[in-house]
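Notes for the structure review
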Amino acid sequence: MSTSLLNHIKKYIDLTEQEEKTILTCVQSLHVKKKEYLLKEGQICKASYFIEKGCMRMFFISDKGDEHTTNFALENWWLSDYATLLTQQPSIFYIQAIENSDILMLAAEQQEILSKEIPKIERYFRLILQRAYGASQIRFKHTYNLSREDMYRNFLSLHPEFVNRVPQYMLASYLGFTPEYLSEIRKKKI
């Protein structure tokens, strides 16, 4: 099964062979087709998802009916609606495959089992969530500090892999632009 997940975990903590086996018994492998949903608004998120291959996104639909992408996830990234995973209240988000994707699902109950059997796994999850939260804080600051062109330039420098894998309207939504405005920026060859 998944060496990508184990390799990712081992970047943060050491694992014994038995701990690796325990982790692999707690995850479920899924194939998600392009445009397929893992979560829809109103559902309760019951798992975290590790992307082995493919690309996913998280978004919400505004009262006006517009989609607003909040997160993307590529290989070796985790994605979940952590608010509803914690509270078990209905989600306000959607999680959808942008490409055909192979993912590992870690149900909340399985994560609890892992945390009891391998206490240091909590350190792993704490570290990746701290990194994700820090990136979210920086993104929030950029929305107030950077020009739109600089936001796009910054995104390109940090995540060039997304540009050819994510449809332009989704990227525009993530950056807070209209697709037309993003097209104008891209024509300038920033």
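Residues numbered from 1 in each chain as written. Predicted model: local features only at pLDDT ≥ 70, side-chain atom pairs only at ≥ 80, totals over all residues. Heavy atoms only, no water.

Here we look at the overall build of the chain
Along the backbone of the chain there are nine helices and eight strands. For the chain, whose C-alpha radius of gyration is 18 Å, the value lies close to the compact-globule estimate of 16 Å for 190 residues. Projected onto its principal axes, the C-alpha positions of the chain cover 55 × 35 × 30 Å. Expressed as a percentage of the 190 residues in the chain, the buried residues total 42%. Looking at the chain alone, contacts between residues at least 24 apart form 71% of all its contacts between residues at least 6 apart. Accessible surface, the chain as shown: approximately 11000 Å² in total, 52% of it carbon and sulfur. (Helix = DSSP H or I, 4+ residues; strand = E, 2+ residues; numbered from the N terminus. Rg over C-alpha atoms; globule rule 2.2 N^0.38 Å. Buried < 20%, exposed > 50% of the residue type's maximum accessible area, 1.4 Å probe, protein only. Contact = heavy atoms within 4.5 Å. Areas by Shrake-Rupley, 256 points an atom, 1.4 Å probe, with all protein chains shown as cover.)

Here we look at the sheet that holds strand β4 (residues 56-61)
Strand pairing in a sheet relies on backbone hydrogen bonds, with the paired strands running either antiparallel or parallel. With respect to topology, four strands assemble into an open sheet ordered β2-β7-β4-β5, the strand pairing being antiparallel. Each edge of the open sheet carries a strand with a single partner, namely β2 (37-39) and β5 (67-73). In this sheet, adjacent strand axes meet at a mean angle of 30° when their direction is disregarded. (Pairing = 2+ DSSP bridges. Axes fitted to C-alpha atoms, helices over the stretch in contact; angles between N-to-C directions.)

Overview of the nonpolar core
Of all hydrophobic cores here, the largest spans 18 residues; its most connected members are Leu5, Ile9, Ile23, Trp78, Ile121 and Tyr124. Looking at this core, the elements that each hand over two or more residues are α1 (3-10), α2 (17-26), β8 (101-107) and α5 (121-145). When residues in this core are grouped by element, the largest group, four residues, is from α5. (Core = buried A, V, L, I, M, F, W, Y, C linked by side-chain atoms within 4.5 Å.)

Focus on the confidence of the model for the chain
Low pLDDT means the predicted atomic positions in that stretch should not be read closely. In this model, the chain carries an average pLDDT of 92, and 98% of its residues clear a pLDDT of 70 or more. Summarising per-element confidence for the chain, the mean pLDDT is lowest in helix α7 (residues 160-163) (84) and highest in strand β7 (residues 94-97) (98). (pLDDT = per-residue confidence, 0-100.)

Here we look at the pattern of salt bridges
Where charged atoms from two side chains of opposite charge approach closely, those side chains can pair. Under the defined criterion, the tally for this structure stands at seven salt bridges. A salt bridge links Glu17 to Lys21, with the nearest nitrogen and oxygen atoms 3.9 Å apart. Placement of both Glu17 and Lys21 in helix α2 is noted, with a separation of four residues, approximately one turn of the helix. Between Asp150 and Arg153 there is a salt bridge; the shortest N-O distance is 2.3 Å. Within this pair, Asp150 and its partner Arg153 are both found in helix α6 (residues 148-158), separated by three residues, close to a single helical turn. The class of Asp150 is partly exposed, set by a relative accessible area of 30%. (Salt bridge = Lys/Arg side-chain N within 4 Å of Asp/Glu carboxyl O.)

Structural notes on helix α4 (residues 108-117)
Helical geometry: 3.6 residues make up each α-helical turn, so side chains three or four residues apart lie on a common side. Buried residues of α4: Gln111, Leu114 and Ser115, and no others. Buried residues in α4, looked at end-on, bunch into an arc of 100°, giving them a common side. Within α4, the exposed residues directed more than 90 degrees away from the buried face are Glu109, Lys116 and Glu117. For α4, the secondary structure elements touched by its buried residues are α2, β3 (47-53), β8 and α5. (Arc of directions from axis to C-beta.)

Topic: the sheet that holds β8
Pairing is antiparallel across the open sheet formed by four strands, whose spatial order is β1-β8-β3-β6. Because the sheet does not close on itself, it has two edges, and the strands there are β1 (28-32) and β6 (78-79).

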